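The primary structure of each chain is shown beneath.
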Amino acid sequence: TAVEESTFERCLDYAKTIDNMGALGVYLMDGTGNFLPESKRNIPTPKVSLLKLMGFDEKYYAGDISEKGKGSIDVLAGAFMFLKRSVYKEVGGFDEDYFMYGEDIDLSYKITKAGYKNQYLGSVSTLHYKGESTLKDQVYFDRFYGAMRIFYKKHFSQNLFLSFSVGAAVALAKTIQTSKGKGKEIPTIKTEKAY
């Protein structure tokens, strides 16, 4: 990520106006300047996640707050989560059962369950080079979709039907995504100079 010069000052100023604030997220954009919708999301209940896997993501992303707006939000992206150390420690921080994916959803949800309000501040933007630290191979898909299973097992009541449904949906999504990537050549980037 790359932040603007005034990012933290503006976040601190906004945080001072919010009672019972959990974490604060900002407008995240990719390397081409496009808004990343995962900047502000709803809690991915099994129903919401199933709809997203089927291509219906209206309920997954929080559309009730505009990209440049502000307000209370359920789930923030781990690329930028601004919060007090005391809140982080109270909820147990990031869960080490996750490896790189899902830990931001888990932390956001734990903060909300503890009674705090997560916030989104769209007037502050941060550049997030999404996916630059990972290669989308079989290990990536195992970790990405495995994180979904960890989240549901940890936070949602376990019953045979729900466990089977979540497991089947995750396996199907993983199979579809893995097959999309087969046969694609991974470009090699040659860097001659770095600053």
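Residues numbered from 1 in each chain as written. Predicted model: local features only at pLDDT ≥ 70, side-chain atom pairs only at ≥ 80, totals over all residues. Heavy atoms only, no water.

Observations concerning the overall build of the chain
For step 1, the next point in the chain: Helix and strand content of the chain: six helices and five strands.
For step 2, the next point in the chain: Mapped in sequence order, the helices and strands of the chain form the string β-α-β-α-β-β-α-α-β-α-α.
For step 3, the next point in the chain: Looking at the 195 residues of the chain, the share that counts as buried comes to 41%.
For step 4, the next point in the chain: Intrachain contacts of the chain at a sequence separation of at least 6 include 77% that bridge at least 24 residues.
For step 5, the next point in the chain: For the chain, the accessible area works out to roughly 12200 Å², and carbon and sulfur atoms hold 55% of it. (Helix = DSSP H or I, 4+ residues; strand = E, 2+ residues; numbered from the N terminus. Buried < 20%, exposed > 50% of the residue type's maximum accessible area, 1.4 Å probe, protein only. Contact = heavy atoms within 4.5 Å. Areas by Shrake-Rupley, 256 points an atom, 1.4 Å probe, with all protein chains shown as cover.)

Re the confidence of the model for the chain
For step 1, the next point in the chain: Taken as a whole, the chain shows an average pLDDT of 79; of its residues, 65% reach a score of 70 or greater.
For step 2, the next point in the chain: Predicted confidence for residues 183-187 stays below pLDDT 50, and this span has one contact to residues more than four positions away or in other chains. (pLDDT = per-residue confidence, 0-100.)

A closer look at helix H4 (residues 103-113)
Note that an α-helix has 3.6 residues per turn; residues three or four places apart therefore point the same way.
For step 1, the next point in the chain: The buried fraction of H4 amounts to nine of the eleven residues, a majority that puts the element mostly inside the structure.
For step 2, the next point in the chain: Buried within H4 we find Glu 103, Asp 104, Ile 105, Asp 106, Leu 107, Ser 108, Tyr 109, Lys 110 and Ile 111.
For step 3, the next point in the chain: Just downstream of H4 lies Gly 115, where phi reads positive at about 100°.

Here's the deal with the pattern of salt bridges
For step 1, the next point in the chain: What the rule picks out here adds up to three salt bridges.
For step 2, the next point in the chain: Note that Asp 104 is salt-bridged to Arg 41, the shortest N-O span being 3.3 Å. Placement of the pair is Asp 104 in helix H4 and Arg 41 in the loop between strand E2 (21-29) and helix H2 (46-53), with a sequence separation of 63 residues. (Salt bridge = Lys/Arg side-chain N within 4 Å of Asp/Glu carboxyl O.)

A few points about the environment of Lys 47
For step 1, the next point in the chain: Examined against the element boundaries, Lys 47 turns out to sit in helix H2.
For step 2, the next point in the chain: For Lys 47, a relative accessible area of 63% puts it in the exposed group.
For step 3, the next point in the chain: For Lys 47 and Lys 59, which are twelve residues apart along the polypeptide, the C-alpha to C-alpha distance reads 9.5 Å.

Observations regarding helix H1 (residues 7-15)
For step 1, the next point in the chain: Of the positions making up H1, those classed as buried are Thr 7, Cys 11, Tyr 14 and Ala 15. Relative to the axis of H1, the buried residues are bounded by an arc of 100° and lie together on one face.
For step 2, the next point in the chain: Those residues of H1 that are buried lie in contact with strand E1 (2-3), E2, strand E3 (70-72), strand E4 (82-83) and strand E5 (117-127). (Arc of directions from axis to C-beta.)

Quick look at the environment of Tyr 129
For step 1, the next point in the chain: Tracing the chain through its elements places Tyr 129 in the loop between E5 and helix H5 (138-155).
For step 2, the next point in the chain: Spatially, the C-alpha atoms of Tyr 129 and Met 29 are 8.2 Å apart, while their sequence positions differ by 100 residues.

Focus: unusual backbone geometry
For step 1, the next point in the chain: Positive phi, close to 60°, is recorded for Asn 20, a residue that is not glycine.
For step 2, the next point in the chain: For Asn 20, the location among the structural elements is in the loop between H1 and E2.
For step 3, the next point in the chain: Judged by its relative accessible area of 41%, Asn 20 is partly exposed.

Considering the pairing of E2
For step 1, the next point in the chain: In terms of residue burial, E2 counts as a mostly covered element, since eight of its nine residues are buried.
For step 2, the next point in the chain: Pairing geometry for E2 and E5, over seven bridges, is parallel. Directly across from Leu 28, in E5, lies its bridge partner Thr 126.
For step 3, the next point in the chain: For E2 and E4, the ladder comprises two bridges, and the chain directions are antiparallel. Bridged to Ala 23 within E4 is Leu 83. (Pairing = 2+ DSSP bridges.)

Observations regarding the packing of aromatic side chains
For step 1, the next point in the chain: On inspection of all chains with the given rule, the structure shows five aromatic pairs.
For step 2, the next point in the chain: Between the aromatic rings of Phe 8 and Phe 80, the centroid separation amounts to 6.3 Å while the plane-to-plane angle is 10°, which identifies the pairing as stacked. Taken together, the residues Phe 8 in helix H1 and Phe 80 in the loop between E3 and E4 connect sequence positions 72 residues apart.
For step 3, the next point in the chain: Measuring from ring centre to ring centre gives 6.3 Å for Phe 8 and Phe 82, while their planes differ by 15°; the resulting arrangement is stacked. Of this pair, Phe 8 sits in helix H1 while Phe 82 is found in strand E4, placing the two residues 74 residues apart along the sequence.
For step 4, the next point in the chain: Assessed through its relative accessible area of 19%, Phe 82 is described here as buried.
For step 5, the next point in the chain: Following the ring pairs from residue to residue traces out a cluster consisting of Phe 8, Phe 80 and Phe 82.
For step 6, the next point in the chain: Over the ring of Tyr 27 we find Lys 68, and its NZ or CZ is 4.0 Å from the ring centre. (Phe/Tyr/Trp six-rings, centres within 6.5 Å; stacked < 30°, edge-to-face > 60°. Lys NZ or Arg CZ within 6 Å of the ring centre and 35° of its normal.)

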